[in-house]
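As a plain string of letters, each chain reads:
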Amino acid sequence: RGEAGIGYVLGKGFDMPPLMLTSDELDAAVLGAHWVASRGEPDLAKAALNFLAKIEVVVPERLRGHVLEPATSIAPVVPAFEVVNSSFLRNTIRAQRKITLVYEGGSGARTERVVWPILLGYRDAGRILAAWCELRSSFRYFRTDRMISAEILEQRIPENALALRIRWRSAMDQERMSYAIQHQENG
């Protein structure tokens, strides 16, 4: 039923087909949302909790326990301190703009680099930015906890974002293959 200013309301006992999740699909969604809530930056963590609240409301009563009392859990972690906001990095990736990074390497040396951000990877111990580095003329990973500053540039990435991502995946596949071959030879 629908009402002006309210929207549509689905009567009790009715489900929307796109939200008909199996038990395993619901467990996967809840586990993923808990992982993001515990490891994502504040914007994503809040979004994950909002997602869980929405899922709780729309799943059939018989599956509500999957959300309220999940059978899975995430180990707590201490989040890495970051100066550069990961939300900023995600938005810059979507905008397909270059970034100037001041970055501190493992040795403590600081460099300034112009990068073409490709994606933000989330790990238990922190986040990494995959990017094309103009200084090195190759794909590189930058730990967000080592970023001293980041500034979005007016310049757009000169390559189609999808094509750049395909090139990056190909380069990473080649790197993994070389690593596997090297370890087989060193046995």
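Residues numbered from 1 in each chain as written. Predicted model: local features only at pLDDT ≥ 70, side-chain atom pairs only at ≥ 80, totals over all residues. Heavy atoms only, no water.

1. Brief notes about the side chain of Ser138
Within the secondary structure, Ser138 is located in strand 6 (residues 138-143). Classification of Ser138 as buried rests on a relative accessible area of 17%. For Ser138, the residues in contact, after removing those within four places along its chain, are Ala131, Trp132 and Cys133. (Helix = DSSP H or I, 4+ residues; strand = E, 2+ residues; numbered from the N terminus. Buried < 20%, exposed > 50% of the residue type's maximum accessible area, 1.4 Å probe, protein only. Contact = heavy atoms within 4.5 Å.)

2. Let's talk about the pairing of strand 3 (residues 97-104)
Counting buried positions over the 8 residues of strand 3 gives 6, a clear majority of the element. Pairing analysis gives 6 bridges linking strand 3 to strand 7 (residues 147-156), with the strands arranged antiparallel. Residue pairing for strand 7: Val102 is matched across the bridge by Ser149. For strand 3 and strand 4 (residues 110-123), the ladder comprises 6 bridges, and the chain directions are antiparallel. Bridge pairing in strand 4 links Thr100 to Val114. Two successive antiparallel strands, strand 3 and strand 4, enclose a turn made up of 5 residues, where Gly108 displays a positive phi of approximately 95 degrees. (Pairing = 2+ DSSP bridges.)

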